[in-house]
Amino acid sequence: MILDKRKVVYQIYPKSFKDTTGNGIGDFRGIIEKIPYLAKLGVDMVWLNPFYPSPQRDNGYDISDYMAVDPLFGDMADFEEMVCVGKEHKIDFMLDMVLNHCSTEHEWFQKALAGDQYYQDFFFIQDQPTDWQSKFGGSAWAPFGDTGKYYLHLFDETQADLNWRNLNVRKELFKVVNFWRDKGVKGFRFDVINLIGKDEVLVDCPENEGKPAYTDKPIVHDYLRMMNQATFGSDDSFMTVGEMSSTTMENCVLYSSPDRQELSMTFNFHHLKVDYKDGQKWTVAPFDFEELKSLYHSWGKEMSDKGGWSALFWNNHDQPRALNRFVDIQNFRKEGATMLAASIHLSRGTPYIYMGEEIGMIDPDYDSMADYVDVESLNAYQMLLKEGKGEQEAFQIIQAKSRDNSRIPMQWDASENAGFSTGTPWLKAGKSYKDINVENDIQGPIFTFYQDLIRLRKEMPIISEGSYKPAFEDSKQVYAFERQFEDQKLLVLNNFYAKEVEIDLPAVYQNGQILISNYEDAEVSEKILLKPYQTLAIYVNKYSSKISSNRVSSICNLKTVF
Ligand code: GLC
């Protein structure tokens, strides 16, 4: 695998992207219909959340057959056509591989339940449960049929953890990976992959360890190398990303260093916990800018210095929209959306766009608990009530934190259900769709800004390849960094607040050129006044006089938006 660092990934939550049958659920034919839209945006790869047969207890992350397509989304011929149409538009597909656990309806678990020892060894079955907690609340152990034993489920009780120590399990899973490679997919996103290295004997977590005993075990690196060798490792054009739960930088450097032959890059979530009060998700608090800035700087610098590679993102199907979390959307939605975009698209790593981000979609603003469907949100609501919160307070927390916030139907136009479906959508559309939708916004400032950022990454090695260095580390409202490549430098300034702020521009940038900004009148001078949520990138090249005039004008003529 040799990572092409110019590529940008777009995430589609298939259930909510585009329904062509009227059953209220998005499908492959809907994705095929919208491939030209994705090509217009300029993305190279589409990551699809799971579409395999599944009881849908956890929206497809509970897979009951890894090598088939859930008829909800179409059939295998539709899938294959989608991959082909993608290729015609230079767009490849990255599939979600959920290999830490499978559904209890999978035949492996069913055979285990029926008493087959061979398949019982696929799972963690013990006489006594440990004190481990499920990530969705409650014990991580459930009774294994009527045997008096228990099986491990780190997530929902219908998601049984698979035992990677068992060679037969690994063989089956690698077969799955190769099955989809043979269908022409060019990437995988491995779900919670740093949890696959459980010990031989599972024991209670010592109380003050802070981390459960199953995260980032050294053996995960061995398993990843085995998988790499048995599957995608031989294909240079392949791209893989591991979703890393509560991980460390040290491990992410190892997971993603090219010479280790594990994965191309890693997702971590530390920066999306900066609005958790006392580290707890089900709370509402303003985000901690100092914490956000320091996390971005420490990860950016260490991954850069040590040769690791990060997946960069603000949104995904598990997170409320970043715009609602980090931006005053009443007054500065467009400025905030473009600033957030620049802060990762100009940084070091591979940027991921979550569907709807490119038009500035926001949370749905539901009125009632009855609108939510996600298992985690429903459990959390009950837990909050049990803890003594009133219904209104509990509801407000769910409203701010639910994963359904990002899973609402994609907003295509102002017609009923946001143009997503002619039937009743499986999850209600957000309230904002009459104003915020593709039809309205495709020529608008946010979409065109994303197009520019994607094009710049392709044109300029300083963006795709350059190193990362923190800048203005003491600023109370600007997150800034420098990129360097050969004799070129790029300074990226991002004002995270609705207040203006003055910056003393370092001398080296004072003769620089504005590469991109979300305000039209931006200028380079000794002192720069950054406007609310302004992003400004200043480029210098020691040998700029030697650059062909074409090149310079392509840089200078970039559109600025406001
Ligand atoms: C990952 C997925 C999430 C899912 C969980 C269990 O965190 O992103 O949606 O619920 O894994 O598979």
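Residues numbered from 1 in each chain as written. Predicted model: local features only at pLDDT ≥ 70, side-chain atom pairs only at ≥ 80, totals over all residues. Heavy atoms only, no water.

Focus on the pairing of strand β10 (residues 239–243)
Here is the rule: Relative accessibility under 20% of the residue-type maximum defines a buried residue, over 50% an exposed one, and the middle range a partly exposed one, all with a 1.4 Å probe and only protein chains included. Secondary structure elements are taken from DSSP: a helix is a run of H or I of four residues or more, a strand is a run of E of two residues or more, and numbering for both begins at the N terminus. Following DSSP output, two strands are said to pair if at least two bridges run between them.
For β10, the buried fraction is high: 5 of the 5 residues fall into the buried class. Neither face of β10 is exposed, since M239, V241 and E243 on one face and T240 and G242 on the opposite face are all buried. Bridge count for strand β9 (residues 187–190) against β10 is 4 bridges, and the pairing is parallel. Residue F190 lies in a different strand from β10, and its bridge partner there is G242. Note: β10 against strand β11 (residues 265–267), 3 bridges, orientation parallel.

Thoughts on the confidence of the model for the protein
Put simply, the test is: On a scale of 0 to 100, pLDDT captures the predictor's confidence in every residue. Whether two residues are in contact is decided by their heavy atoms: any pair within 4.5 Å suffices.
In this model, the protein carries a mean pLDDT of 95, and residues with pLDDT of at least 70 account for 95%. Across residues 545–562, confidence stays below pLDDT 50; counting only partners more than four residues off in sequence or on other chains, it has 35 contacts.

Side note on the sheet that holds strand β15 (residues 478–485)
Convention followed: Between N-to-C directions, angles cover 0 to 180 degrees, with each direction set by a line fitted to C-alpha atoms, over the stretch in contact for helices.
Judged by pairing direction, the sheet is antiparallel, and its 5 strands sit side by side in the order β14-β15-β16-β20-β18 without closing on themselves. Whereas interior strands pair on both sides, the edge strands pair on one side only; in this sheet they are β14 (467–471) and β18 (513–517). Looking at each pair of strands side by side, their axes are set apart by 20° on average, direction ignored. One ladder, built from 4 bridges, connects β18 with strand β20 (residues 535–541); its direction is antiparallel. Paired with S517 across the two strands is L536, which belongs to β20. Taken strand by strand, helix α8 (residues 289–306) contacts β14 and β15, and its axis lies near 150° from that of β14. Running at roughly 130° to β18, helix α15 (residues 445–459) makes contact with β18 and β20 of the sheet.

Things to note about the site of the ligand
As a reminder, the rule being used: Residues are classed as near a molecule or strand on a simple rule: at least one heavy atom within 4 Å of it. Pairs of N or O atoms within 3.5 Å make up the polar contacts considered here, provided that, within protein, one atom can donate a hydrogen while the other can accept it, and that residues adjacent in sequence are counted only when both atoms are side-chain atoms. All accessible areas in this document rest on Shrake-Rupley with a 1.4 Å probe, and a residue is counted as covered only by the protein chains that are shown. Any residue that is not Ala, Val, Leu, Ile, Met, Phe, Trp, Tyr, Cys, Pro, Asp, Glu, Lys or Arg is counted as polar, Gly included; the first ten are nonpolar and the last four charged.
Neighbouring the ligand are 14 residues, the closest being D58, H101, D191, H317 and D318. One of the side-chain N or O atoms of R189 is found 3.0 Å from an oxygen atom in the ligand. Take D191: an N or O atom from its side chain is 2.8 Å from an oxygen atom of the ligand. Summarising the interface, the protein chains cover 95% of the accessible area of the ligand, which totals 310 Å² for the free molecule. Per-class residue counts for the shell around the ligand are 4 nonpolar, 3 polar and 7 charged.

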